[in-house]
There are 2 protein chains.
Amino acid sequence: MSFQHVAIIGLGLLGGSIGLAVQKHLPGVTTTGYDRDADVRLRARERGLASHIADTPEQAVADADLVILCVPVGTMGAAAAAISGGLRPDAVVSDVGSSKAAITKALSEALPDHTIIPAHPVAGTENSGPDAGFATLFHQRWCIITPPTGADTHKLDRLVDFWESLGAMVETMDPEHHDRVLAVTSHIPHLIAYTIVGTASDLEEVTRSEVIKYSAGGFRDFTRIAASDPTMWRDVFLNNREAVLEMLDSFLTDLAHMRESIIASDGESMFDLFTRTRAIRRSIVALGQDDARPDFGRGDHQ
Amino acid sequence: MSFQHVAIIGLGLLGGSIGLAVQKHLPGVTTTGYDRDADVRLRARERGLASHIADTPEQAVADADLVILCVPVGTMGAAAAAISGGLRPDAVVSDVGSSKAAITKALSEALPDHTIIPAHPVAGTENSGPDAGFATLFHQRWCIITPPTGADTHKLDRLVDFWESLGAMVETMDPEHHDRVLAVTSHIPHLIAYTIVGTASDLEEVTRSEVIKYSAGGFRDFTRIAASDPTMWRDVFLNNREAVLEMLDSFLTDLAHMRESIIASDGESMFDLFTRTRAIRRSIVALGQDDARPDFGRGDHQ
Ligand SMILES: NC(=O)c1ccc[n+]([C@@H]2O[C@H](COP(=O)([O-])OP(=O)(O)OC[C@H]3O[C@@H](n4cnc5c(N)ncnc54)[C@H](OP(=O)(O)O)[C@@H]3O)[C@@H](O)[C@H]2O)c1
Ligand SMILES: NC(=O)c1ccc[n+]([C@@H]2O[C@H](COP(=O)([O-])OP(=O)(O)OC[C@H]3O[C@@H](n4cnc5c(N)ncnc54)[C@H](OP(=O)(O)O)[C@@H]3O)[C@@H](O)[C@H]2O)c1
């Protein structure tokens with residue numbers, strides 16, 4: 001038996017995409033949505049992000065056998081506490097947060113009597129809010145599930161089926177490993193992008209309008225990442241601190257080596273590194289995790 | 001009078017794109033191409049990258065009133081020396097190299113009796129070689145011209161017209177300022193991308209296949225940049241050393257602050273920075289320097 005009633009708390013990019021994807025891929029399943037922002041609820045109704053938009057968190061979850069929390073990482077505990085009064089005893093509570101150890105702890109504390117199975121679909125864009133979601137966001141993307149030890153295997157299987165129905169590929173791992181993997185593949189790239197965009201906008205010798213004008217040489221790719229939601233990313237760094245600092249320090253060590261190579265005019269070691277990094281790109285494209293067209297298939301030259 | 005005979009030395013991404021763009025936008029102008037690699041010349045003939053592909057550099061430039069060197073930055077001096085025997089005395093020699101002070105020096109030394117007007121179209125993709133070029137590469141892109149003091153204004157005007165004919169917008173500045181601007185908007189972004197992709201592929205706790213699998217969270221954008229040509233980029237870092245180190249040190253200072261904010265759980269200063277960086281993105285999109293669709297308009301979710 002798969003889930004029949006899915007409640008979605010938080011109707012931004014992730015929540016909206018789940019709502020649209022369920023309606024597209026699982027037409028027999030009902031969806032209920034809730035967001036704390038009344039304007040978001042209004043827009044969610046207009047876009048039909050869920051079959052029903054409730055006005056309180058308790059109402060939203062009343063019938064649900066699966067609840068997915070789609071709020072910023074730092075708000076997960078509060079969002080879980082707000083639904084506790086309305087939850088069915090057999091409901092599975094999951095989420096889509098970008099870090100997992102801190103959220104697992106917060107959810108278990110807020111809902112000690114419920115089945116908690118955290119998850120993280122590795123899919124997103126730089127946009128947020130109720131207009132950002134789309135039904136194909138999870139297609140060909142990985143969803144990492146981090147089941148607590150002793151999690152009900154039957155419920156876990158149903159959650160795996162659910163994500164596969166939305167077009168995702170599922171992998172399970174423990175929350176600490178998830179947090180390390182995502183520190184490298186997502187959190188550090190965002191940290192770096194935010195930082196360099198900040199550096200570039202504060203220079204004395206180069207004006208901000210020059211930076212904007214000549215951004216097509218590489219910088220604009222970083223600005224896309226650095227346009228991501230500030231609340232979401234603040235929460236990620238505050239809640240995945242250890243793994244982020246560990247990976248940041250590896251990166252800083254390598255950047256210091258690169259700096260030495262430039263100072264020493266050591267072209268050979270640069271060439272070696274630049275050749276190795278190409279291979280990784282090829283694997284990512286081969287595995288369907290990126291668009292193979294040059295420049296990501298951007299349309300701005302036409 | 002605009003240029004009538006354009007010679008292109010080096011038939012990779014830039015040279016090929018210029019050849020195709022001239023044939024598309026300036027049908028009355030003849031193009032001659034040369035590349036030191038015989039296989040590239042063969043492929044250039046097949047794709048029609050220029051109306052005529054010559055087998056020696058001297059032949060390629062014999063009739064040309066404009067010669068554009070489209071070879072890696074470190075090879076500019078040698079490529080200029082190789083055409084010196086065949087050049088018309090009135091020919092303008094230009095280039096497309098990504099750094100300008102070192103190239104200006106190399107070209108002036110190799111061709112002391114000719115008019116040298118260096119240029120840099122700020123347009124590219126991660127691909128290189130004779131199959132990479134396309135006629136619209138320069139559309140809506142800036143081309144920075146760095147005329148030496150006392151450059152013939154008539155010839156300079158013709159070069160400006162030439163680039164505008166290919167769809168570019170032209171700006172002039174001195175080579176040292178160019179090198180600083182591009183260090184920020186292009187060279188440092190590439191340096192960072194190469195470094196983080198290297199870091200990610202050498203970790204102990206996270207495997208390379210995990211990095212590849214879960215790259216959609218941000219990392220894959222860096223791999224696209226880090227798939228750029230190793231020779232080209234080694235030459236850029238070796239030839240724009242001072243400006244690159246200056247900007248790198250600004251970035252390192254800011255990254256150290258960010259690290260402190262994470263350690264101190266200082267969410268407020270993160271939030272402030274992440275909010276500021278969004279504004280820059282909006283300006284870049286508003287000025288037509290990037291595709292406004294989410295995820296650059298990638299097609300890999302479909
Ligand atoms: N964006 C990505 O690329 C991506 C990818 C994978 C996972 N994630 C994770 O997905 C989660 C949601 O991100 P998103 O991009 O969808 O964010 P979003 O577009 O900003 O949407 C979040 C929505 O949740 C609402 N909200 C906040 N606290 C709430 C609460 N206690 N109860 C009900 N609604 C609440 C927000 O309203 P307010 O505006 O009033 O706060 C907002 O409308 C985050 O945990 C993030 O880490 C994001
Ligand atoms: N790629 C970008 O995004 C971009 C953007 C703006 C400017 N640029 C600049 O444009 C220039 C060319 O870059 P590209 O991307 O077009 O490189 P590319 O695709 O690798 O093409 C360069 C071509 O020049 C050939 N070559 C090397 N030395 C030569 C010589 N002495 N005489 C004749 N041909 C020679 C190379 O042959 P071999 O393979 O035998 O070396 C290769 O076929 C570089 O200076 C770069 O900095 C690049």
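Residues numbered from 1 in each chain as written. Chains lettered and ligands numbered in written order. Predicted model: local features only at pLDDT ≥ 70, side-chain atom pairs only at ≥ 80, totals over all residues. Heavy atoms only, no water.

A. Spotlight on a negative patch on the surface. Together, Asp152(A), Asp157(A), Asp161(A) and Glu164(A) line one region of the surface with negative charge. Take Asp157(A): it is sitting in helix 6 (residues 153–165). (Patch = residues over 30% accessible without salt bridge, like charges linked within 9 Å, V, L, I, M, F, W, Y side chains within 5 Å. Areas by Shrake-Rupley, 256 points an atom, 1.4 Å probe, with all protein chains shown as cover. Salt bridge = Lys/Arg side-chain N within 4 Å of Asp/Glu carboxyl O. Lys, Arg positive; Asp, Glu negative; His and termini not counted. Charge placed at Lys NZ, Arg CZ, Asp CG, Glu CD. Helix = DSSP H or I, 4+ residues; strand = E, 2+ residues; numbered from the N terminus.)

B. Summary view of the pattern of salt bridges. For the coordinates displayed, the defined rule picks out 53 salt bridges over all chains. Taking the shortest distance from any N to any O, the salt bridge between Glu109(A) and Lys105(A) comes out at 3.4 Å. Pair noted here: Glu109(A) and Lys105(A) are both in helix 5 (residues 101–110), with a separation of four residues, about one helical turn. Looking at Lys105(A), the relative accessible area reads 54%, which means it is exposed. Arg234(B) is paired through a salt bridge with Asp235(B); the nearest N and O atoms lie 3.0 Å apart. Judged by relative accessible area, which is 23%, Arg234(B) ranks as partly exposed. (Buried < 20%, exposed > 50% of the residue type's maximum accessible area, 1.4 Å probe, protein only.)

C. How the structure looks around the environment of Phe274(A). Topologically, Phe274(A) is positioned in helix 12 (residues 267–286). Note on Phe274(A): relative accessible area 0%, which makes it buried. Counting along the chain gives 97 residues from Phe274(A) to His177(A), while the straight-line C-alpha distance between them is 28 Å. Not counting the four nearest positions on each side in its chain, Phe274(A) is found in contact with Met258(A), Tyr194(B), Ala226(B), Pro230(B), Trp233(B), Arg234(B) and Phe237(B). (Contact = heavy atoms within 4.5 Å.)

D. Representation of the site of ligand 1 within the structure. All names here are of chain A. Every one of the 28 residues lining ligand 1 counts as a neighbour, but Leu14, Asp35, Val71, Ser98 and Gly129 are closest to it. Contact between ligand 1 and Asp35: an oxygen atom at 2.7 Å from a side-chain N or O atom of the residue. A distance of 2.6 Å is found between an oxygen atom of ligand 1 and a backbone nitrogen or oxygen belonging to Val71. Taken by itself ligand 1 offers 910 Å² of open surface, and the protein chains cover 86% of this. Those elements that provide at least two residues to the shell around ligand 1 are helix 1 (13–25), helix 4 (76–83) and strand 7 (119–121). By residue class, the composition of the shell around ligand 1 is 15 nonpolar, 10 polar and three charged. (Near = heavy atom within 4 Å. Polar contact = N/O pair within 3.5 Å; in protein donor to acceptor, adjacent residues only side chain to side chain. Nonpolar A, V, L, I, M, F, W, Y, C, P; charged D, E, K, R; others polar.)

E. Representation of the domain arrangement of chain A in the model. Residues and elements named next belong to chain A. Domain parsing of chain A yields domain 1 (5–173) and domain 2 (177–289). For domain 1 versus domain 2, the separation of C-alpha centres amounts to 30 Å. It is Ser98, Glu126 and Met173 that lose the most area in domain 1 upon contact with domain 2, and together they represent 34% of the buried surface on that side. For the pair domain 1 and domain 2, the number of links is one salt bridge. Between Arg224 and Glu126 there is a salt bridge whose closest N-O contact spans 2.7 Å. (Domains from an automatic or database assignment. Buried area = accessible area lost by both parts, 1.4 Å probe.)

F. Up close: the interface of chain A and chain B. In this assembly, 112 residues from chain A lie in contact with 112 residues from chain B. Counting each side, the surface lost to burial between chain A and chain B is near 10,600 Å², with a carbon and sulfur contribution of 66%. The interface formed by chain A and chain B contains 18 salt bridges. A salt bridge links Arg224(A) to Asp295(B); its shortest N-O distance comes to 3.4 Å. Contributing elements (two or more residues each) for the side of chain A that touches chain B: strand 8 (142–145), helix 7 (175–201), helix 8 (208–213), helix 9 (219–225), helix 10 (230–239), helix 11 (241–263) and helix 12 of chain A. For the side of chain A that touches chain B, the leading source of residues is helix 7 of chain A, giving 19 residues. Classifying every residue of the side of chain A that touches chain B by side-chain character gives 50 nonpolar, 33 polar and 29 charged.

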